[in-house]
Amino acid sequence: MNAIENYRLFTISLIIPRILCKFAILKYIKNMEHPLNIYNTLTRKKEPFKPLHEPHVGMYVCGPTVYGDAHLGHARPAITFDLLFRYLTHLGYKVRYVRNITDVGHLEHDADDGEDKIAKKARLEQLEPMEVVQYYLNRYHQAMDALNVLPPSIEPHASGHIIEQIELVKKILDNGYAYESQGSVYFDVEKYNKDHKYGILSGRNIEDMLNTTRALDGQDEKHNAIDFALWKCAQPEHIMRWPSPWSDGFPGWHCECTAMGKKYLGEHFDIHGGGMDLIFPHHECEIAQAVASQGDDMVHYWMHNNMVTINGQKMGKSLGNFIMLQQFFTGEHPSLQQAYSPMTIRFFILQAHYRSTVDFSNDALQAAEKGLSRIMEAYGHLMKLQPSATSTVDTKGLREKCYEAMNDDLNSPIVISHLFDATRAINSVKDGKATLSGEDLKELQEVFHLFLFDILGMKDEASAGGSNYETFSKAVDLLLSIRQQAKANKDWATSDKIRNELTAIGFEIKDTKDGAEWKLSK
């Protein structure tokens, strides 16, 4: 057999297992008793997930307005929809994940009047607006990388899609659901509400809102205070401006997602996500814009994560009660008792269902840190276990239980609870109190890795240093082997010195029947 034939067979031997694995996953999905169900904010119930163009899935998630560093509240939607992205991809779907960057049009207090958040930051720091955008976008990406959040398929900027937003405004005007006023264009909510239903996502009573705002008519350029801007005429001092049929100005905040969602995912796509604070007005306005421009909504499933709170109040920049992600990582904030690693933050967020609130406290973060350490240690032990002839602990059904939890609206806390159950079994085997057969051991290793790392997106921060960590680990193992030999020779002085010196510089040493184990202490 020649070298080319050998290489061909070798290549086939690598590819076939991957194909079979993918086939097995798809076959498993089709035979699942509980297919993926997700909660649709629009219908207020869980619904079976059925893509419009299977196996393709279109997903749009509202990204950050980049005028400051990301805080814990920004981490929650990023991690929530990263979990969804990972799971859909694992299930075999071809996902186009679009997460926008807002770099123009987002005015203070999410209003139609006032200063652009990025322009204000640029003015205060004497920088170009795009300089501000690039600086904080780079830092946002660094924070997301630390949290092990996968990058989206496309990350469009609002400022790069002005033409598309102008075309959207033109269509809404042509269809009679907007009006021009002093160079600005506003969406006519009252007229739209007569033909359609404004408020279907948020459940707001729009008739009451219109009645309470009619007293304001004539006081500004809007017909009703509830009307929202599609295009704003720029004041002379406004830095960011573009020409349009109505004025030199900039698009209203709500336009960008409708325009960019349509451009990259089409007039109808599967999922639109974001924080629940965006339900009204942002996502409500998006629905109105879509219906007003094309006759129907673009989105099949609306998904929203709940908020991160601090002392029961939403954490946010506008409220001034936020803690930056970088401050969590370094511990440099008055409210923090210590630094918390990116994986501790990720685990903390995933321990709660995405539709539940997460209240910040040092106690909760420290509990998450300890829980994550337990699971990571158990995984390390799991990969070193030796198989026995039979199993005396029941680990069967773990895969099915974890899939069932994920299929129940991404119930990550239940997945984590199942992994904790498996952790107890692993520790029993490690301590010699139970056994696992070769088949059960392999299954447990595969399932643990799949759900902990591939789907929940955790990573072993201790070994993330790659070859440096491996060299460091071998050096510690060498010291412990010398200590073990000293103990065998009854050289207690040397044995104690090695243990005491390692402890003093931050290692926890534990003697077991199979030798010493170590880990870095806090």
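Per-chain numbering applies: the sequence of each chain, read as written, is numbered from 1 onward. Reporting of local features is limited, given that this is a predicted model, to residues whose pLDDT is at least 70; pairs of side-chain atoms are given and counted only at 80 or more, and all residues count toward the totals for whole chains, interfaces and linings. Values shown for side chains rest on all heavy atoms present in the structure; no hydrogens or waters enter the calculation.

Focus: the packing of aromatic side chains
Between 30 and 60 degrees the pair is tilted, below 30 it is stacked and above 60 it is edge-to-face, where a pair is any two Phe, Tyr or Trp rings, Trp via its six-membered ring, whose centres lie within 6.5 Å. Inspection of the entire model under this criterion finds 17 aromatic pairs. Ring plane angle 50° and centroid distance 5.4 Å describe the contact between phenylalanine 49 and tyrosine 301, whose orientation is recorded as tilted. Of the two residues, phenylalanine 49 sits in the loop between strand S2 (45-48) and strand S3 (56-61) while tyrosine 301 sits in strand S10 (residues 299-305), which places them 252 residues apart along the sequence. For the pair phenylalanine 49 and tyrosine 301, a shared accessibility class is recorded, and that class is buried. Each residue in the set Tyr177, Phe187, Tyr192, Tyr198, Phe228 and Phe280 is aromatic and connected to the rest through ring pairs, giving one cluster. Numbered from the N terminus, helices here are DSSP runs of H or I no shorter than four residues, and strands are runs of E no shorter than two. For the exposure calls, accessible area comes from a 1.4 Å probe over protein chains only, and a residue counts as buried if that area is under 20% of its type's maximum, exposed if over 50%, partly exposed in between.

Some thoughts on helix H9 (residues 279-294)
Across its 16 residues, H9 extends 21 Å between first and last C-alpha, which sits within 8% of the 22 Å expected from 1.5 Å per residue. With respect to burial, H9 is a largely interior element, 15 of its 16 residues being buried. Phi turns positive one or two residues past the end of H9, at glycine 295, with a value near 100°. Here the expected span of a helix is defined as 1.5 Å times the quantity of residues minus one.

Observations concerning the packing of helix H8 (residues 255-265) against H9
Here the axes come from fitting lines to C-alpha atoms, over the contacting stretch only for helices, and the angles between their N-to-C directions go from 0 to 180 degrees. Here H8 crosses H9 at 55°, and the two axes come no closer than 8 Å. Compared by their axis directions, H8 and H9 come out oblique. Between H8 and H9 the crossing geometry is right-handed. Across from Cys255, Cys257, Thr258 and Lys262 in H8, the residues of H9 making contact are His282, Glu286, Gln289, Ala290, Ser293 and Gln294. Think of it as three bins: nonpolar holds Ala, Val, Leu, Ile, Met, Phe, Trp, Tyr, Cys and Pro, charged holds Asp, Glu, Lys and Arg, and polar takes everything else, Gly as well. A breakdown of the residues in the contact of H8 with H9 according to their chemical character gives 3 nonpolar, 5 polar and 2 charged. The labels follow the angle: roughly parallel below 35 degrees, roughly antiparallel above 145, roughly perpendicular from 65 to 115, and oblique for the rest. In this scheme the handedness of a crossing depends on how the near helix is turned from the far one: anticlockwise by less than a right angle means left-handed, clockwise means right-handed. We call two residues in contact when some of their heavy atoms are within 4.5 Å.

Description of empty space enclosed by the protein
Here a cavity denotes grid points, spaced 1 Å and computed from the protein atoms alone, that fit a 1.4 Å probe unable to get out, and a pocket denotes an open set having protein on both sides within 12 Å along at least 5 of 7 lines; residues with an atom within 4 Å of a point are the lining. Grid points are joined across faces, edges and corners, and a volume is the space filled by probe spheres set on the points. As enumerated under the stated definition, the model contains 3 cavities of 30 Å³ or more in all. Considering only enclosed or pocket space, the second largest cavity measures out at about 60 Å³ in volume. Its residues assigned to classes, the lining of the second largest cavity shows 6 nonpolar, 3 polar and 1 charged.

Side note on the packing of helix H5 (residues 162-174) against H9
A pair of packed helices can be characterised by two numbers: the angle between their axes and the separation between those axes. The geometry of H5 relative to H9 is characterised by a closest axis approach of 8 Å and an angle of 65° between their N-to-C directions. In terms of orientation, H5 and H9 fall into the roughly perpendicular class. Seen along the crossing, H5 lies across H9 with a hand that is left-handed. Contacts from Leu168, Lys171 and Ile172 in H5 reach Gln289, Ala292 and Ser293 in H9. Classifying every residue of the contact of H5 with H9 gives 3 nonpolar, 2 polar and 1 charged.

Quick word on a nonpolar patch on the surface
Patch criteria: residues need more than 30% relative accessible area and no salt bridge. Like-charged residues are merged within 9 Å; nonpolar side chains of Val, Leu, Ile, Met, Phe, Trp and Tyr are merged within 5 Å. Methods summary: accessible areas were calculated by the Shrake-Rupley approach with a probe of 1.4 Å, and residue burial reflects only the protein chains presented. Salt bridges, as used here, are contacts in which a Lys or Arg side-chain nitrogen is within 4 Å of a carboxyl oxygen on Asp or Glu. Where nonpolar side chains cluster on the molecular surface, the patch consists of Leu478, Leu479 and Ile482 and spans about 260 Å² of accessible area. Following the sequence through the fold, leucine 478 ends up in helix H16 (residues 467-488).

Notes on the layout of surface pockets
By volume, the second largest pocket amounts to about 850 Å³. Around the second largest pocket, the lining comprises 40 residues; the ones closest to its centre are His74, His106, Asp277, Leu278 and Lys314. Of all the elements in the fold, those that place two or more residues in the lining of the second largest pocket are helix H2 (72-90), strand S4 (94-99), strand S9 (269-275) and H9. The element that contributes the greatest number of residues to the lining of the second largest pocket is H2, accounting for 5 residues. Its residues assigned to classes, the lining of the second largest pocket comprises 17 nonpolar, 16 polar and 7 charged.

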